[in-house]
There are 2 protein chains.
Amino acid sequence: MNATTTLTGANLIAGQESAEGNALNAGVNPVDGRILAPFFHEATAREIGQAVREATNAFRANKGRTAEDWAALLETIAEEIENLGDVLVERVMAETGLPEGRVRGERGRTTGQLRLFAGVAREGSWVDARIETALPDRAPIPRPDIRSMLRPIGPVAVFGASNFPLAFSVAGGDTASALAAGCPVVCKAHPAHPGTSELVGRAVSAAVARRGFHPGTFSIVHGTGAAVGLKLVQEPGIEAVGFTGSLGAGRAIFDTAAGRARPVPVYAEMGSTNPVFLMPAATAARGEAIAAGLAGSVTLGSGQFCTSPGLVFAVEGPDTESFAAWLAARIEEQGSQTMLHKGIAAGFSAGLGRAAQTAGVTTLALGAENGTGDGVADSGAQGRPCILRTSGRTFAANPHLHEEVFGPASILVVCEDTDEMTSLAAGLEGSLTGTVHMEATETADASPLVGCLEDVVGRVIINGFPTGVEVSHAMHHGGPYPSTTAPSTTSVGTRAILRFARPVCYQDYPETLLPAALTNGNPQGIMRMINGERTRVSISSEPAA
Amino acid sequence: MNATTTLTGANLIAGQESAEGNALNAGVNPVDGRILAPFFHEATAREIGQAVREATNAFRANKGRTAEDWAALLETIAEEIENLGDVLVERVMAETGLPEGRVRGERGRTTGQLRLFAGVAREGSWVDARIETALPDRAPIPRPDIRSMLRPIGPVAVFGASNFPLAFSVAGGDTASALAAGCPVVCKAHPAHPGTSELVGRAVSAAVARRGFHPGTFSIVHGTGAAVGLKLVQEPGIEAVGFTGSLGAGRAIFDTAAGRARPVPVYAEMGSTNPVFLMPAATAARGEAIAAGLAGSVTLGSGQFCTSPGLVFAVEGPDTESFAAWLAARIEEQGSQTMLHKGIAAGFSAGLGRAAQTAGVTTLALGAENGTGDGVADSGAQGRPCILRTSGRTFAANPHLHEEVFGPASILVVCEDTDEMTSLAAGLEGSLTGTVHMEATETADASPLVGCLEDVVGRVIINGFPTGVEVSHAMHHGGPYPSTTAPSTTSVGTRAILRFARPVCYQDYPETLLPAALTNGNPQGIMRMINGERTRVSISSEPAA
């Protein structure tokens, strides 16, 4: 039985439609500004409380579920999303203005991510199982039998992000990793794509039902302003929060969670300038190619990627002037682009304006107003690609130039020399990524810069571009504040599961009460640490009592 | 060259004595109330800033240090502590009132812990190295070479705890794990054992000098009130905080760190009631032995252990009455005990008084006022062991009975049946430990209780007692708030190192710029994840470009 594809505008609470509230929201097509049916009912306080209570019930009811059960649930969600077919693709396009190819690609990334986490749950070693067998004869005191592993933390609140309406939204990376860890999810739908959210929410609920999980394992609530989201974060039953979005919203959620009587962790991925540094020999050898790649990275998806490069540093001289001219030419070829919604376009315009009006900052290149882009009339959600230019000194003196401007823009900072570039790198705020272009001959010269960069970002890229985040075991998508509120965690890649678990230690347990991963038999054959050694072997004899 | 054992009362900032402040503190012998020379100079704002600046400098300067260098530093600290000899033992005894055997035992635990973390650093697999080799021919887009591992988070502020003046203080678990991760430490000395702190601080500084580390790798600052500690937490250069102590102080530190312009994680281990549950058959079969063990656990170290059992649940009936009588007899045998300082004794007295005056709460047993204990005159720091008794209903109706009373006391909660006991377990606040005594025949009956307990504690113990925390790989010493501010982390055992690290991802790096753990050769032979497989093998060929 597939999930229905008829939108109702209701919240989905433990598999049931609920539409108690009178506050309404609707999707808007950012291309033409038209409102899209139906209206969505903002969740009431009672509905939010109900969703969290059901999640708590589900957390207890799901205790007997095996790793294989959770893996199957994730795979079934992927299937149900695919079963939504073109209805989903069309609704995403209508609500976000994103082109069809991007939407289909993002759907593949989303289902691939769900299956990747299914694999992590099924393989099972992520739980970091550790066993120390008893030493009853140890002096001066015997050692008990001690076993520990990561266990699900409890109900998780997930906030859908506007810029990836599938991959970072209702069934995106936060939901996939929380479910893989064994946690129920209450999702706050992003108000810019409520129909997409309902469709995907129905797919998740259908999978929960098909796999026989407690219905409270997944709920989705709608809301436009801050109230619904902050109410959700305040619910005592919520144990952790996943968020991707703006610094303002992320910080409000972090502050709310930290201010609770019982604070809970917030994994917020927020603003990032993703600085790019050009070493002199690279600029000389590959300036034109770097300019082309950078222009593509800055304008990809209307600059609405978390890893969009907002700052470019180069060393003054004729090679950098040539690079600047190539970059300008590439940007000027581009027309204005439809952004996700009017609010994002307005924020882009305001942030860019503030930077552009700074003394010492000039406009290097501006895309055409209604040119070779998607060629539609301006609905108020258009953004013009832009490159500003300034000096290292002006950049250092104006902290607001260090802030993210979300959209297709970047600032070229021309430095006096590599030392100034390195010193500016060391002073940057936290960012998801940092990139260095360098020739093999200047590896030693670039070493101090690369070292500084490592301290302020989550991922350092050599001779590439920051957009395009591989979803894999080794990927890290995080970084020091303000790029995230939790620099020890990632929101992309399989380490993301660690956010939604906590160690629990079992001392002198009878085998029958232990979680499977800690039993002597090691039925999943996972990698464990036994008396300090990493191994997949089982423990043959009964542990000493 | 050994560290000097002459106390000066100065702060130690990057290896230099500094005594700029006029605010003074002194140790007090809790046994006789006498003030101990010398006076200690509370750190000024300038000194605190200087310590953190030097830590930041050290963080950069230490980048080239290998895992072996850090291991050697930790081992040298252990040696230097041993070299302090009886001067240290005597000072600890004078400042804390703890008996000699306990102090020598705790010193062994402290040096053992430093050597355990040296082993973790040397072995190296803790960094969770992950490698995905490039797939240049992958369609639709090539995969870059992606490598990631845990790297030190930066300068760490460590707060010494009063109840373990060695093992949870200047060179305790927080400092050992932070250094093992490669982080400099600025330690805030506990004002109740300033001389102990200076001695151990000198040992650490001597080891830093002997091993040629940057002197800013370790500093120690003194302070009595909240000001010095909170100023330290507010320093922008501090990247994480380790704390063991009261809920009030821990929450103030957490709130301060969360309120920074750039929030940082706080790993605070705070209050815990460590509930113990007695299943009926166990009470019947082993009531006298359990009573004896429990009386020992409640009064161990004057009840000043993080894991001291503050709540005991049993099911009403004649076996529980016998148990209560045995417990009362064991407690009444004990005399009053010297606590760590007057403030702790006053807090114990106030907390216990509040609980005892609750309607429905009676006093089951009270130790002798100046009886068979250490037999000294009351200096104002004495605590009388005490067991209160109440019903499950009264306990449920009085939330203040759920709060920790730090000292040698416990509340016996007599429940109507196992169901009431289970329901009370589910409603408890977070705790470091939970204990169940049960016979093999009642494993199935106890299963719901054990399941509930797992959700609210960090460690569940079957048929044992919570005091006595093994320092090992599998130990977990943490739990949901209020027992900690970060339930996904531990402050005891080798997982503690993970608190002071964050993943960094290296994309398309030249081999020469990679950290050793991520190079193809795998020089330490650590366990890594290569293309999804866990292995210790090296990568033989150069990765594809």
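Residues numbered from 1 in each chain as written. Chains lettered and ligands numbered in written order. Predicted model: local features only at pLDDT ≥ 70, side-chain atom pairs only at ≥ 80, totals over all residues.

## Notes on the overall build of chain A
Counting its secondary structure elements, chain A contains 14 helices and 23 strands. Compactness check: chain A gives a C-alpha radius of gyration of 25 Å against a globular reference of 24 Å for 545 residues, within 12% of the reference. With respect to the principal axes defined by its C-alpha atoms, chain A has extents near 75 × 60 × 40 Å. Looking at the 545 residues of chain A, the share that counts as buried comes to 60%. In chain A, once contacts between residues fewer than 6 apart in sequence are set aside, the share between residues at least 24 apart is 77%. (Helix = DSSP H or I, 4+ residues; strand = E, 2+ residues; numbered from the N terminus. Rg over C-alpha atoms; globule rule 2.2 N^0.38 Å. Buried ≥ 20, exposed ≤ 12 C-beta atoms within 10 Å, placed from the backbone. Contact = placed C-beta atoms within 7 Å.)

## So, the environment of Glu47 of chain A
All names here are of chain A. If you trace the backbone, Glu47 turns up in helix 1 (residues 45-61). A residue is classified by how many C-beta atoms lie within 10 Å of it, and Glu47, with 23 of them, is buried. Taking C-alpha positions, Glu47 is 8.8 Å from Gly21, a pair spaced 26 residues apart along the chain. Setting aside residues up to four positions removed in sequence, Glu47 forms contacts with Asn11, Ile13, Ser18, Glu20 and Val221.

## A word on the nonpolar core
Membership of the largest hydrophobic core comes to 338 residues, with the highest contact counts inside it found for Leu74 and Val241 of chain A together with Leu74 and Val241 of chain B. When sequence neighbours within four positions are dropped, the list of residues in contact with Val241 of chain B reads Ala157, Val233, Ile253, Ala257, Val264, Val266 and Tyr267 of chain B. (Core = buried A, V, L, I, M, F, W, Y, C linked by C-beta atoms within 7 Å.)

## A word on the sheet that holds strand 12 (residues 276-278) of chain B
Strand pairing within a sheet occurs via backbone hydrogen bonds; the two strands may be parallel or antiparallel. The sheet built from 12 strands is open, its strands ordered 23(A)-22(A)-5(A)-6(A)-21(A)-20(B)-19(B)-12(B)-13(B)-18(B)-17(B)-15(B) with mixed pairing. Pairing within the sheet leaves two strands with one partner each, and these edge strands are strand 23 (533-535) of chain A together with strand 15 (362-366) of chain B. Across this sheet, the average inter-strand angle for adjacent strands is 20°, counted without regard to direction. Sheet topology note: the strand 5 (residues 130-132) of chain A/strand 22 (residues 528-530) of chain A ladder contains 2 bridges and is parallel. Bridge pairing in strand 22 of chain A links Arg130 of chain A to Met529 of chain A. Of the strands in this sheet, strand 15, strand 17 (386-391) and strand 18 (409-415) of chain B touch helix 11 (residues 342-356) of chain B, which is tilted by about 30° from strand 17 of chain B. (Pairing = 2+ DSSP bridges. Axes fitted to C-alpha atoms, helices over the stretch in contact; angles between N-to-C directions.)

## Some words on the packing of helix 7 (residues 227-234) of chain A against helix 8 (residues 247-258) of chain A
Pairs of packed helices are described in terms of their axes, by the angle between the two and the distance that separates them. Residue and element names in this part refer to chain A. Put simply, helix 7 and helix 8 touch, their axes get as near as 9 Å, and they point 30° apart. Accordingly, the angle class assigned to the pair helix 7 and helix 8 is roughly parallel. The two elements helix 7 and helix 8 cross, and the hand of that crossing is right-handed. Taken together, the residues of helix 8 that come into contact with helix 7 (itself represented by Gly229, Leu230, Val233 and Gln234) are Ala252, Ile253, Thr256 and Ala257. For the contact of helix 7 with helix 8, the class distribution of residues is 5 nonpolar, 3 polar and no charged. (Parallel < 35°, antiparallel > 145°, perpendicular 65-115°, else oblique. Left-handed = near helix turned anticlockwise from the far one by under 90°. Nonpolar A, V, L, I, M, F, W, Y, C, P; charged D, E, K, R; others polar.)

## Focus: the interface of chain B and chain A
The interface of chain B with chain A comprises 58 residues on the first partner and 58 residues on the second. Broken down by element, the residue count for the side of chain B that touches chain A peaks at 7 residues, all from strand 21 (residues 501-507) of chain B. Here the residues of the side of chain B that touches chain A are counted per class, giving 26 nonpolar, 19 polar and 13 charged. Pairing of strand 20 (residues 457-462) of chain A with strand 21 of chain B involves 3 bridges; the strand directions are parallel. Across the sheet, residue Val460 of chain A finds its bridge partner in strand 21 of chain B, namely Tyr506 of chain B.

## Describing the relation of the copies chain B and chain A
Rotating chain B by 180° about the axis while translating it 0.0 Å along that axis superimposes it on chain A, leaving an RMSD of 0.0 Å. These values place the two chain copies in the arrangement generated by a two-fold rotation axis. Distance from the rotation axis, computed per C-alpha, reaches its smallest value in chain B at Ala258 of chain B: 3.4 Å. Both copies contact each other with a shared surface, as 100% of the interface residues of chain B are interface residues in chain A too. (Least-squares fit on C-alpha atoms with pLDDT ≥ 70 in both.)

## Let's talk about the packing of helix 3 (residues 85-96) of chain B against helix 6 (residues 194-210) of chain B
Residues and elements named next belong to chain B. Relative orientation of the contacting elements helix 3 and helix 6 amounts to 155°, with a least axis distance of 8 Å. Considering their axes alone, helix 3 and helix 6 lie roughly antiparallel with respect to each other. The handedness of the crossing between helix 3 and helix 6 is left-handed. Contact residues: helix 3 offers Val87, Leu88, Arg91, Val92 and Glu95, while helix 6 offers Gly195, Thr196 and Leu199. Taken together, the residues that form the contact of helix 3 with helix 6 break down as 4 nonpolar, 2 polar and 2 charged.

## Thoughts on unusual backbone geometry
All names here are of chain A. Going from Tyr481 to Pro482, the amide bond is cis rather than trans, its omega being 10°. Positionally, Pro482 belongs in the loop between strand 20 and strand 21 (501-507). A positive phi angle, close to 55°, is found at Asp508, a residue other than glycine. With respect to the secondary-structure elements, Asp508 resides in the loop between strand 21 and strand 22. In this model, Asn522 sits at a positive phi of 50°, which is unusual for a non-glycine residue. For Asn522, the position within the fold is in the loop between strand 21 and strand 22.

## Considering helix 2 (residues 67-83) of chain A
All names here are of chain A. In a regular helix each residue adds 1.5 Å, so 17 residues correspond to 24 Å; helix 2 covers 24 Å between its end C-alpha atoms and thus fits that length. Of all 17 residues making up helix 2, 12 are buried, and the element is well covered by its neighbours. Within helix 2, burial applies to Ala67, Trp70, Ala71, Ala72, Leu73, Leu74, Glu75, Thr76, Ile77, Ala78, Glu80 and Ile81. Buried-residue contacts for helix 2 involve helix 4 (100-123), helix 5 (173-181) and helix 6 (194-210). Positioned one or two residues after helix 2, Gly85 has a phi angle of 60°, which is positive. (Expected span 1.5 Å × (residues − 1).)

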